[in-house]
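Here is what each chain is made of, one letter per residue.
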Amino acid sequence: MSLPTYETLELAREDGGILRVWLNRPQKRNALNTLALDEIADCYGRLQREWDVRVVVLGGRGISFCGGADRKDPPASARTRRSSNASERERRWAAQIGRRACSAIADCEAITIARVHGHAVGGGLALALCCDFRVAAADTVFHVPEVDLGIPLLWGATPKLIYEVGAARAREIILACDRFDGVTAERWNVIHRCVLPAELDAATDKLAKQMAAKPEIAVHMAKTQLRGYARGAVLGDATEADADLMLEASRVGVARESFRLPE
């Protein structure tokens, strides 16, 4: 595989069919803007035909996995929704930019692992939820602030969260907007494994190598089978409505423009 070059992502191949994808905006806590989301969608879309890649590990450079949407350079959906020159179709397409990135990760044919540390906020947690496995440091701050910001949780994350943690817990996470740590995230099934910060790399590497060493076709068939059951049971096509929910939130004028991460 010839690795493409991205502005917001760093890719690194390892032995055994493992590929590292790093969110690489450390000065912004890897906050997601239009370019970052477009590059995530492109990267994971390309991996559909990279047969030598068996495991993809998504991590974040710097002090955080991902701080959510970039409030100073918001995704195109925020600007396009306010543009009087944009057509309704264009605004709806722009509002789906995060969903396309998440769908590319969820549709990846390789096993996907999220290596989570620092912060996993809003859209950052949505990216992690799309991975097959999530390993996080115990001191990671998880936060879904969307309702407090005046918008629904988008990018297909709501049905995914319901499927992973159950409806009652998803309701609490989404509506209460409380922060929780990696220990709680593991107890709630938001993540699969919680480890000490110093052990995060070792735990992620162990899982990646374990998955890469298994019979390739059996792993692929099992993954696609599990994905099919999940979509049939809960996920369906509900994410297609996300664009309309975001546009409606903008029309009624309740969405807030800024969100400050905890120090």
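Provided above is the structure to which this section pertains.
So, how was this worked out
- Residues numbered from 1 in each chain as written.
- Predicted model: local features only at pLDDT ≥ 70, side-chain atom pairs only at ≥ 80, totals over all residues.
- Heavy atoms only, no water.
- Helix = DSSP H or I, 4+ residues; strand = E, 2+ residues; numbered from the N terminus.
- Buried < 20%, exposed > 50% of the residue type's maximum accessible area, 1.4 Å probe, protein only.
- Areas by Shrake-Rupley, 256 points an atom, 1.4 Å probe, with all protein chains shown as cover.
- Core = buried A, V, L, I, M, F, W, Y, C linked by side-chain atoms within 4.5 Å.
- Contact = heavy atoms within 4.5 Å.
- Polar contact = N/O pair within 3.5 Å; in protein donor to acceptor, adjacent residues only side chain to side chain.
- Pairing = 2+ DSSP bridges.
- Axes fitted to C-alpha atoms, helices over the stretch in contact; angles between N-to-C directions.
- Phe/Tyr/Trp six-rings, centres within 6.5 Å; stacked < 30°, edge-to-face > 60°.
- Parallel < 35°, antiparallel > 145°, perpendicular 65-115°, else oblique.
- Left-handed = near helix turned anticlockwise from the far one by under 90°.
- Nonpolar A, V, L, I, M, F, W, Y, C, P; charged D, E, K, R; others polar.

Chemist: Describe the overall build of the chain, and please don't skip the residues or the numbers.
Modeler: From N to C terminus, the chain includes 11 helices and eight strands. Scored against the burial criterion, the 263 residues of the chain give a buried share of 52%. Approximately 12500 Å² of the chain is accessible, and the part contributed by carbon and sulfur atoms is 52%.

Chemist: Break down the environment of Asp-201 for me, with residues and values.
Modeler: Among the structural elements, Asp-201 can be located in helix H9 (residues 200-212). Note on Asp-201: relative accessible area 39%, which makes it partly exposed. Taking the C-alpha atoms as reference points, Asp-201 and Ala-136, 65 residues apart in sequence, are found 9.7 Å from one another.

Chemist: Describe the nonpolar core, with residues and values.
Modeler: Core analysis: the largest hydrophobic core is formed by 54 residues, its most contacted members being Val-21, Ile-40, Tyr-44, Leu-58, Phe-142 and Val-190. Residues contacting Ile-40, with those up to four places away along its chain left out, are Leu-9, Leu-23, Leu-32, Ala-101, Ala-104, Ile-105 and Leu-127. Of all hydrophobic cores here, the second largest spans 15 residues; its members include Ile-111, Ile-113, Leu-200 and Val-219.

Chemist: Explain the side chain of Glu-39 to me, and be specific about the residues and the numbers.
Modeler: Secondary-structure assignment places Glu-39 in helix H1 (residues 34-46). At 2.6 Å, the side chain of Glu-39 and the side chain of Thr-8 are in polar contact. Contact partners of Glu-39, with chain neighbours within four places excluded, come to Tyr-6, Glu-7, Thr-8 and Leu-9.

Chemist: Pulling in residues and values, what's your account of the sheet that holds strand S4 (residues 111-116)?
Modeler: Each strand in a sheet pairs with another by means of backbone hydrogen bonds, the pair being arranged parallel or else antiparallel. Spatial strand order, S1-S2-S3-S4-S6-S8: six strands in an open sheet with mixed pairing. Whereas interior strands pair on both sides, the edge strands pair on one side only; in this sheet they are strand S1 (9-14) and strand S8 (193-195). Across the sheet, the axes of successive neighbouring strands diverge by a mean angle of 20 degrees, strand direction being ignored. As paired strands, S1 and strand S2 (residues 18-23) are joined by six bridges and run antiparallel to one another. When the sheet's bridge partners are listed, Arg-13 is paired in S2 with Leu-19.

Chemist: Tell me about the packing of aromatic side chains, and please be specific about residues and values.
Modeler: The description of an aromatic ring pair uses the distance of the two centres, along with the angle that the planes make with each other. By the definition in use, this model includes two aromatic pairs. Ring geometry for Phe-142 versus Phe-180: centroids 5.4 Å apart, planes at 10 degrees, classification stacked. On the criterion of sequence distance, the pair formed by Phe-142 in strand S7 (residues 141-143) and Phe-180 in the loop between helix H7 (167-176) and helix H8 (182-187) is long-range, its members being 38 residues apart. One exposure class covers both Phe-142 and Phe-180, and it is buried. A ring pair is formed by Phe-180 and Trp-188, whose centres lie 5.0 Å apart and whose planes are at 50 degrees; its orientation type is tilted.

Chemist: Help me get a handle on the packing of H1 against helix H4 (residues 97-106), residues and values and all.
Modeler: As a packed pair, H1 and H4 sit with axes 8 Å apart at the nearest point and diverge in direction by 30 degrees. One element, H1, and the other, H4, form an angle in the roughly parallel class. Here the hand of the crossing between H1 and H4 comes out left-handed. On H4, the residues touching Thr-34, Leu-37, Asp-38, Ile-40, Ala-41, Tyr-44 and Gly-45 of H1 are Ile-97, Gly-98, Arg-100, Ala-101, Ala-104 and Ile-105. Looking at the contact of H1 with H4 residue by residue, the classes come out as eight nonpolar, three polar and two charged.

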